[in-house]
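# Results of the structural survey
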Amino acid sequence: MSKELSLKEVGKMLMEAQSLVLCFHVSPDGDALGSSVGLARFLKQQGKNVKVFVDDVVNDFYKFLPDVAIIQRPVLDEIHEADLLVVLDASSRDRIGIVGDCVKAKAILNIDHHISNTKFADYLYLDANAAATGEIMCELFEEMQWKMDKAIATLFYTAIVMDCGTFKFSCTSAKTMRMAANLLEAGVDPSDIAEVIDTQSRASMELLAKVLPSLSFAHGGKVGYLAIPNSLYNKSIHTDNFVNYARYIEGVDVAFMVKEVEPGVIRVSLRSTKAVDVSIVAAGFGGGGHMRAAGCTINAPLDEAIKQVLDALGKVL
């Protein structure tokens, strides 16, 4: 069980550590990347030895982010020693893959906003009401009176807008908007970020055209889902928004997309537009997330994984 910290205690712990490894969840999204790389940039500016790891491939979609090239993929049996392992935007140890095995740290600090957090780390700062871990980072900088440059502000702004659907999702609060306003004052141009986020590659649109025919419905039309078999999967193509094509259909309460990243390894993204807690479903498969957005990995053939998700959804609808 984790010892829960205040923001000031988190800031003090980060400042006292000289060598840090930052990491985040597999299948990284804009929040995981922006919050982690932004914090890493600041810590490096303070003269600290900082590495950023993720046990996955970072999609080319995110190459516009400042400093994203510092992210490394760990190699099993290569041990990295550190004063502190900082796990951001991940609710359980398994969500960081082999990073936990490759880093020998004196302590583990988890900074997260997922209600499904398992309190696996030595120390924890959890704000389940925050729209994004990027929002927590903004609060941390404000609490500690740390200065951020335009690059850090851009990273945190991207983290926030991508996790709250450019301020459309229900997790958006007045505090979220205040943090975003502060980031604009720090030099962020929201139109630049919006243009990048809204622009889809030709490869992504061509893949979407192949995936949309898989659109199916279940449970009386309350569930809509899409499937990307391994034969179509391309790790370099950004597909995070595909699930929304099922999500915004009239009558659909829950949408999900299954993606066969390897034969028999299925990544599941769940979204809910109404009062259906998909984090419960994800947690049942060892994943986690929020009430209206969650994810997990299922080791099964694609059709079997779909059946398992549909069965689990049938129990919560």
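Summary of the structure given here. Only a predicted model underlies this, so the values are computations on that prediction, with no experimental measurement involved.

Helix length check: helix H11 (residues 302-316), at 15 residues, gives a terminal C-alpha distance of 22 Å against a target of 21 Å (1.5 Å per residue), a fit within 8%. Three or more residues of H11 are buried, namely Leu302, Ala305, Ile306, Val309, Leu310, Ala312 and Leu313. Seen end-on, H11 carries its buried residues on one side only, within an arc spanning 165°. Set apart from the buried face of H11 by more than 90 degrees, the exposed residues are Asp303 and Lys315. Each element contacted by the buried residues of H11 is listed here: strand E8 (216-218), strand E9 (223-228), strand E10 (254-262), strand E11 (265-272), helix H10 (278-283) and strand E13 (293-299).

This part is about the packing of helix H1 (residues 7-16) against helix H4 (residues 133-144). Describing two packed helices takes the angle between their axes plus the distance from one axis to the other. Interaxial distance between H1 and H4 falls to 9 Å at its minimum, and their mutual angle equals 80°. Considering their axes alone, H1 and H4 lie roughly perpendicular with respect to each other. Contacts from Leu7, Lys8, Val10, Gly11, Lys12 and Leu14 of H1 reach H4 at Ile136, Glu139, Leu140, Glu143 and Met144. Taken together, the residues that form the contact of H1 with H4 break down as 6 nonpolar, 1 polar and 4 charged.

This part takes up the side chain of Thr154. Topologically, Thr154 is positioned in helix H5 (residues 150-163). Relative accessible area serves as the criterion here: at 12%, Thr154 is assigned to the buried category. Only 2.8 Å separates the side chain of Thr154 from the backbone oxygen of Lys150, close enough to count as a polar contact. For Thr154, the contacting residues outside a window of four places in its chain are Pro66, Val188 and Ile193.

Within the structure shown, the criterion is met by 13 salt bridges. Across the pair Arg41 and Asp67 runs a salt bridge, and its minimum N-O distance is 2.9 Å. Of this pair, Arg41 sits in helix H2 (residues 30-45) while Asp67 sits in the loop between strand E3 (49-53) and strand E4 (71-72), and the two are 26 residues apart along the sequence. Looking at Asp67, the relative accessible area reads 30%, which means it is partly exposed. Residue Asp56 pairs with Arg267 through a salt bridge whose shortest N-O separation is 3.4 Å. One end of the pair, Asp56, is in the loop between E3 and E4; the other, Arg267, is in strand E11, with 211 residues separating them in the sequence. On the basis of relative accessible area, Asp56 is assigned to the buried category, the value being 14%. By relative accessible area, which is 18% here, Arg267 ends up buried. A cluster of three or more residues bridged by salt bridges with shared partners is formed by Asp127, Glu135, Glu139 and Lys175.

Criteria and cut-off values
Residues numbered from 1 in each chain as written. Predicted model: local features only at pLDDT ≥ 70, side-chain atom pairs only at ≥ 80, totals over all residues. Heavy atoms only, no water. Helix = DSSP H or I, 4+ residues; strand = E, 2+ residues; numbered from the N terminus. Expected span 1.5 Å × (residues − 1). Buried < 20%, exposed > 50% of the residue type's maximum accessible area, 1.4 Å probe, protein only. Arc of directions from axis to C-beta. Contact = heavy atoms within 4.5 Å. Axes fitted to C-alpha atoms, helices over the stretch in contact; angles between N-to-C directions. Parallel < 35°, antiparallel > 145°, perpendicular 65-115°, else oblique. Nonpolar A, V, L, I, M, F, W, Y, C, P; charged D, E, K, R; others polar. Polar contact = N/O pair within 3.5 Å; in protein donor to acceptor, adjacent residues only side chain to side chain. Salt bridge = Lys/Arg side-chain N within 4 Å of Asp/Glu carboxyl O.

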